[in-house]
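An overview of the molecular structure
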Amino acid sequence: AKQNGRNSYRFFTSEIQSRSARILSLENALRYAQVRGELSLHYQPQVSLCDGKIVGVEALLRWHHPEFGMISPCEFIPIAEESGQILLIGEWVMRTAAKAMKEWLDIGFPAMSVAVNLSAVQFHHAHLSKLVSSIIDEVNLPACYFEIELTESVTAQNPVHAIATMNELNAKGIRLSIDDFGTGYSSLSYLKRFKVYKLKIDQSFIRDISIDPEDREIVKTIIALGKSLGLKTIAEGVETKEQLDFLKENGCDEAQGYYFSKPLNVTDLEALLKHPEII
Ligand code: C2E
Ligand code: CA
Ligand code: CA
Ligand code: CA
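Position labels on residues start from 1 in each chain and follow its written sequence. Chains and ligands are labelled by the order in which they are written, letters from A for the one and numbers from 1 for the other. Under the rules for a predicted model, residues below a pLDDT of 70 receive no local features and side-chain atom pairs below 80 are neither given nor counted, while totals for whole chains, interfaces and linings still include all residues. Each side-chain value is derived from all of the structure's non-hydrogen atoms; neither hydrogens nor water enter the calculation.

- Going by an unreviewed UniProt entry, the chain carries the name Signaling protein and comes from Sulfurospirillum diekertiae.

In structure tokens:
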């Protein structure tokens, strides 16, 4: 209200101050998060739509701070990117995920891949492909079980460098997926030159698939695009039987979402892998 102009202005600045105070304290706390054991990975199954089997898992970072509680990656990843801490954290994510997958394969769980998310800062950092291959060598995980998820914006930032890095990763046998596909801008000609393996159809197109004809067309188009370029397609954010049926009918290869399973901690994932028929 006008008569409270001064007060609301004061309120506004104090809100900004407390927001940036939270960012600062999170940035500071993030420095110690890994050594203090506050970070963990959850794994969400990716399911083949031809036989319903789990063919992979996506590693998703979790941060449980003793005082602040669970902090969403949507809040702390941007802070880690901004401060550069994402490089060390991201390396921890790759090593932890690779180690876990190696153990699961050794235990004798059916062959599947682990996918990790990479930020632009990590992807455009020099020697990414060297780092990735040293991690999987150290852990003794065959490259074909390790996947990297990148968003369109990561690849659009510097397409020439992106293509070079993708070629290096490909040469080492590491597979790449384009995450959140359809939400960003990807030139089709680049897509042809990008050595990607999989398109992840963004969950915003899946959400209203049973009621929104436009979304249905978009999803069909992405699946067809994938087929014509020889790329696998996976739908994310699948929550209902209707969504699943539509995806099957239209030839989508894989799906991931709460309909099958939410992201699980190691114990719960291992329990699921022992009894995959419950999915
Ligand atoms: P993303 O890579 O697009 O991951 C998918 C997000 O959707 C995850 O949120 C997942 O928990 C959630 N999700 C999965 N199935 C469903 C579903 O059926 N319905 C709905 N509504 N949501 C579903 P989460 O775990 O909170 O992660 C958010 C974002 O944080 C990720 O989006 C990714 O961009 C980023 N992130 C997470 N872990 C890492 C990491 O290790 N490194 C980097 N750089 N980013 C990460
Ligand atoms: Ca992802
Ligand atoms: Ca995504
Ligand atoms: Ca996303």
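**Here we look at the packing of aromatic side chains**
- Working definition: rings of Phe, Tyr and Trp (its six-membered ring) pair if their centres are within 6.5 Å, and the pair is stacked with planes under 30 degrees apart, edge-to-face with planes over 60 apart, and tilted otherwise. Summed over the entire model, instances satisfying the criterion amount to 3 aromatic pairs.
- For the ring pair Tyr 43 and Trp 104, a centre distance of 5.0 Å and an interplane angle of 85 degrees mean the geometry is edge-to-face. Here Tyr 43, found in strand S1 (residues 39-48), pairs with Trp 104, found in helix H3 (residues 86-107); they are 61 residues apart in sequence, far enough to count as distant.
- Under the relative-accessibility criterion, Trp 104 is labelled buried at 1%. Runs of H or I in DSSP of at least four residues are treated as helices and runs of E of at least two as strands, each being numbered from the N terminus. Each residue gets one of three labels from its accessible area relative to the maximum for its type: buried under 20%, exposed over 50%, partly exposed in between, using a 1.4 Å probe on protein chains only.

**Some details on helix H11 (residues 241-249)**
- Within H11, the full set of buried residues consists of Gln 243, Leu 244, Phe 246 and Leu 247. Along H11, the residues classed as buried sweep out an arc of 160 degrees about the axis, all on the same side.
- Whether two residues are in contact is decided by their heavy atoms, any of which lying within 4.5 Å being enough. Buried residues along H11 sit against helix H9 (203-207), helix H10 (213-229) and strand S8 (232-236).
- Of the residues one or two after H11, Gly 251 is the one with positive phi, at around 85 degrees. Working note: the arc is built from the helix axis to C-beta atom directions.

**Observations regarding the confidence of the model for the chain**
- pLDDT gives the predictor's per-residue confidence on a scale running from 0 to 100. With 95% of its residues at a pLDDT of 70 or more, the chain has an overall mean of 92.
- The ipTM assigned to the predicted complex is 0.98, against a pTM of 0.94.

**Focus: the packing of helix H5 (residues 128-139) against helix H7 (residues 159-171)**
- Every axis corresponds to a line fitted to the C-alpha atoms, with the helix fit spanning only the stretch in contact, and the corresponding angles, defined between N-to-C directions, vary from 0 to 180 degrees. Following both chains from N to C, one finds H5 and H7 inclined at 20 degrees, their axes separated by 9 Å at the closest point. The pairing of H5 with H7 is recorded here as roughly parallel in orientation. Seen from above, H5 lies across H7 with right-handed handedness. Residues Leu 128, Ser 129 and Val 132 of H5 form the contact with H7, whose participating residues are Thr 165, Glu 168 and Leu 169.
- Gly falls in the polar group here, along with every residue not listed as nonpolar (Ala, Val, Leu, Ile, Met, Phe, Trp, Tyr, Cys, Pro) or charged (Asp, Glu, Lys, Arg). Split by residue class, the contact of H5 with H7 holds 3 nonpolar, 2 polar and 1 charged. Convention used here: angles under 35 degrees read as roughly parallel, angles over 145 as roughly antiparallel, angles from 65 to 115 as roughly perpendicular, and any remaining angle as oblique. A crossing counts as left-handed when the near helix is turned anticlockwise from the far one by less than a right angle, and as right-handed when that turn is clockwise.

**Observations concerning the pairing of strand S2 (residues 54-65)**
- S2 sits mainly inside the fold: 10 of its 12 residues count as buried.
- Joining the antiparallel neighbours S1 and S2 is a turn of 5 residues, in which Gly 52 adopts a positive phi near 75 degrees.
- Only strands joined by at least two bridges in the DSSP assignment are considered to pair. Bridge count between S2 and strand S4 (residues 113-117): 3 bridges; the pairing is parallel. The residue of S4 that forms the bridge with Glu 58 is Ala 115.
- Taken together, S2 and the strand that follows it, strand S3 (residues 69-71), pair antiparallel across an intervening segment of 3 residues.

**A short note on the coordination of the calcium ion (ligand 2)**
- Taken together, Glu 58 (OE), Asn 117 (OD1), Glu 149 (OE) and Asp 179 (OD) make up the full set of protein donors to the calcium ion (ligand 2), lying 2.2 to 2.3 Å away.
- Donors, by definition, are the N, O and S atoms found within 2.8 Å of a metal, the threshold being 3.2 Å for Na, K and Ca, and water is not counted, so a site can look incomplete. In terms of primary sequence, the donors binding the calcium ion (ligand 2) are separated according to E-x58-N-x31-E-x29-D.
- Between the calcium ion (ligand 2) and the calcium ion (ligand 3), the interatomic distance is 3.9 Å, and Asp 179 donates to each metal, bridging them. Taken as a pair, Asn 117 in strand S4 and Glu 149 in strand S5 (residues 146-151) lie far apart in primary sequence, 32 residues in all.

**Let's talk about the coordination of the calcium ion (ligand 3)**
- Protein coordination of the calcium ion (ligand 3) is provided by Asp 179 (OD), Asp 180 (OD), Glu 236 (OE) and Glu 236 (OE), with donor distances spanning 2.3 to 2.4 Å.
- Taken in sequence order, the residues that donate to the calcium ion (ligand 3) follow the motif D-D-x55-E.

**With respect to the side chain of Glu 147**
- If you trace the backbone, Glu 147 turns up in strand S5.
- Residues in contact with Glu 147, not counting those within four places in the same chain, are Ser 113, Val 114, Ala 115, Val 116, Arg 175, Ser 177, Tyr 197 and Lys 198.

**A look at the site of ligand 1**
- Near residues are defined by distance, with any heavy atom within 4 Å of the molecule or strand qualifying the residue. Close contacts around ligand 1 come from 21 residues, with Gln 44, Arg 62, Ser 119, Glu 239 and Tyr 258 the closest.
- In the environment of ligand 1, a nitrogen atom lies 3.0 Å from a nitrogen or oxygen atom belonging to the side chain of Gln 44.
- Measuring from an oxygen atom of ligand 1, one finds a side-chain N or O atom of Asp 179 at 3.1 Å.
- For ligand 1, the protein covers 81% of the area, taking 810 Å² as the surface of the free molecule.
- Where the shell around ligand 1 is concerned, the elements lending two or more residues are S2, helix H2 (73-83) and strand S6 (175-181).
- Residue contributions to the shell around ligand 1 peak at 4 residues, all from S2.
- Residue composition of the shell around ligand 1, by class: 9 nonpolar, 6 polar and 6 charged. Polar contact is the term for a pair of N or O atoms within 3.5 Å; when the atoms are in protein, one must be able to donate a hydrogen and the other to accept it, and sequence-neighboring residues count only if both atoms are side-chain atoms. For the area figures, the Shrake-Rupley method with a 1.4 Å probe applies, and any residue is considered shielded solely by the protein chains shown.

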